[in-house]
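So you can see what is in the structure, the chains are spelled out below.
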Amino acid sequence: MNSQSKWKEMNGSCKESSTPAKLDNTMLENEAVFCKKSAGSINARHSSSRHFQPNILTNHNSIQPLRQYYKPTYHPPSMSQSTVVSSRMQNRDDVENSFYRNSSIFTSSDGVIHISLRHGIQIDVTVDNSFRLTSNAGQIVIALSNTGQESAIKHTNGMVLQINNTVQIVTTDLSQNPKNARYATMSGNDITFTNGVLVELEAFTLDPIGTRQSDNHFTKLTHDSTSAVFFGKSKHGPGCNEEALHFIRKASVKKCTDDGMDVITINDFRIWQMKDGLVTVARMSLPFKIRASPMNSSFTLSTSHIHCTASSQHSSHLFVRSQDQSMHYDGKNFVVRYNGNSAGFDKNDFLFVY
């Protein structure tokens, strides 16, 4: 029995649109875990797959029903005439399928593929696999370059910019006062850090020897870099519309009815969204994983260069690790660690060294 036959047998409850992308056995086994509960309990009348083929709309007015059902917090650029959405979106009386009422896949005039999910989560993908996720009305933005060598994060607790082995970090508190910000730069050989009061005057260096005053001028991260990382080296623009449409037509959408989970495979990405809005994204050709929850403004990002987590409600924090260097911020205390040594600032901005 080939891998696709196994996939269809294990996922009788999933309703599929278009032809699934070719997957290896590992991805098929992983996805079977998500749908196992659903596949065991679904009854016979749902066992057969129903196929939905997206329609190509050439009239801007045709997408009005979509806009009535879904009001995204992120507004993509103006849509071109090559916009693609499911035909089921046009039926206002069809309230059976929550995915098609609250989600859509389309391309816009900038040649970028936009995926609007439930709970106001927006995913953008370029034809060469640059990636961006926007959640919680823009409070969470995560972007990765097409090569996976660069990433950028915007969160209520701070911002992160990673380029190869260099990671720049700025943390912020609820007041968003620049004087309360803390800064760090991980360079592979050491960590340089300072705070909003001292940033123009002096900084400190943590390396395997210990902590000392830095001799170099500190360059702080001052602005959101997610758009620069997403668009910087990617293919985009009107000339990419046809290629974007090609990937949309090949996209696979499955609905696991019992768990309320949606599974989308498009280009090199696989996207899962649970009933409560939790989104998991994996890239099939790179070690890349994102989990984002709109319920508590939290996320986890893992790549070959960086591991980062954050939350703004329960256990509010921002944590970044790159190789054997790390930074943790809990809203008050700011701690950097490297090779068994630790240093940072307490809630009163006093320097401490472990």
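Heads up: the structure comes first, above all this text.
This text gives an overview of the structure that appears in the document. Residue indices begin from 1 for each chain and proceed along its sequence in written order. Since the coordinates come from a predicted model, pLDDT governs what is reported: local features require at least 70, and pairs of side-chain atoms require 80 or more to be given and counted, while whole-chain, interface and lining totals use all residues. With hydrogens and water set aside, each side-chain value is computed from the structure's full complement of heavy atoms.

## A short note on the overall build of the protein chain
Secondary structure is summarised from DSSP: a helix means a run of H or I of at least four residues, a strand means a run of E of at least two, and numbering begins at the N terminus for each. Regarding its fold elements, the protein chain presents six helices and 27 strands. Each residue is placed in one exposure class: buried if its accessible area under a 1.4 Å probe, protein chains only, is under 20% of its type's maximum, exposed if it is over 50%, and partly exposed if it falls in between. The buried share of the protein chain, reckoned over its 354 residues, is 57%. Should any heavy atoms of two residues lie within 4.5 Å, those residues are counted as being in contact. Of all intrachain contacts in the protein chain linking residues separated by at least 6 positions in sequence, the fraction that spans at least 24 positions is 50%. For every accessible area listed, the method is Shrake-Rupley and the probe measures 1.4 Å; residues are considered covered only by the protein chains on display. For the protein chain, the computed accessible surface area is about 16,300 Å², with 49% contributed by carbon and sulfur atoms.

## Regarding the side chain of Lys-255
Of note, Lys-255 is situated in strand E16 (residues 252-256). Distance and chemistry together define a polar contact, namely a pair of N or O atoms within 3.5 Å, with one atom able to donate a hydrogen and the other to accept it when in protein, and with adjacent residues in sequence counting only for side-chain atoms on both sides. Within the structure, Lys-255 has its side chain in polar contact with the side chain of Asp-262 (distance 3.3 Å).

## Some points on the pattern of salt bridges
Side-chain pairing between opposite charges can occur once the charged atoms of the two side chains come close. One speaks of a salt bridge when a side-chain nitrogen belonging to Lys or Arg is within 4 Å of a carboxyl oxygen belonging to Asp or Glu. Per the counting criterion, the structure on display carries nine salt bridges. The partner of Asp-124 in a salt bridge is Arg-132, and the shortest N-O contact between them spans 3.1 Å. Assessed through its relative accessible area of 7%, Arg-132 is described here as buried. Residues Glu-200 and Lys-220 are paired through a salt bridge, measuring 3.4 Å at the closest nitrogen-oxygen approach.

## Quick look at the environment of Leu-201
Relative to the helices and strands, Leu-201 resides in the loop between strand E13 (191-195) and strand E14 (204-207). Owing to a relative accessible area of 69%, Leu-201 belongs among the exposed residues under this scheme. Between the C-alpha atoms of Leu-201 and His-217, which are 16 residues apart in sequence, the distance is 8.7 Å.

## Focus on the pairing of strand E17 (residues 261-266)
With six of its six residues buried, E17 lies for the most part within the structure. Here E17 shows two buried faces, one formed by Met-261, Val-263 and Thr-265 and the other by Asp-262, Ile-264 and Ile-266. Across five bridges, the pairing between E16 and E17 is antiparallel. When the sheet's bridge partners are listed, Lys-254 is paired in E17 with Val-263. Connecting E17 to the antiparallel partner strand E18 (residues 269-273) that follows it, the hairpin turn spans two residues, and Asn-267 within it adopts a positive phi of roughly 55°. Two strands form a pair only when DSSP identifies at least two bridges running between them.

## Notes on the sheet that holds E14
Strands sit in the order E4-E5-E6-E7-E8-E9-E10-E11-E12-E13-E14-E15 across an open sheet of twelve strands; the sheet is antiparallel. The sheet is open, and its two borders are formed by strand E4 (104-107) and strand E15 (210-213), each paired with just one other strand. On average, each strand axis in the sheet is inclined to that of its neighbour by 15°, with strand direction left out of account. In this structure, strand E8 (residues 140-144) lies alongside strand E9 (residues 150-155), joined through four bridges in antiparallel fashion. When the bridges of E9 are listed, Ala-143 appears paired with Ala-152. Here an angle of 0 to 180 degrees is reported between the N-to-C directions of two axes, which are lines fitted to C-alpha atoms, with helices fitted over the stretch in contact.

## Structural notes on the environment of Asp-190
Mapped onto the elements, Asp-190 comes out in the loop between strand E12 (182-186) and E13. Apart from residues lying up to four places away in sequence, Asp-190 is in contact with Thr-185, Thr-205, Leu-206, Asp-207, Gln-325 and Tyr-338. At 2.9 Å, the side chain of Asp-190 forms a polar contact with the side chain of Ser-187.

## Details of unusual backbone geometry
The residue His-119 is not glycine, and still its phi comes out positive at about 65°. Along the chain, His-119 falls in the loop between strand E5 (113-116) and strand E6 (122-125). For His-119, a relative accessible area of 42% translates into the label partly exposed. Backbone geometry at Ala-137 places phi at a positive 55°, although glycine is not the residue there. Within the fold, Ala-137 resides in the loop between strand E7 (131-135) and E8.

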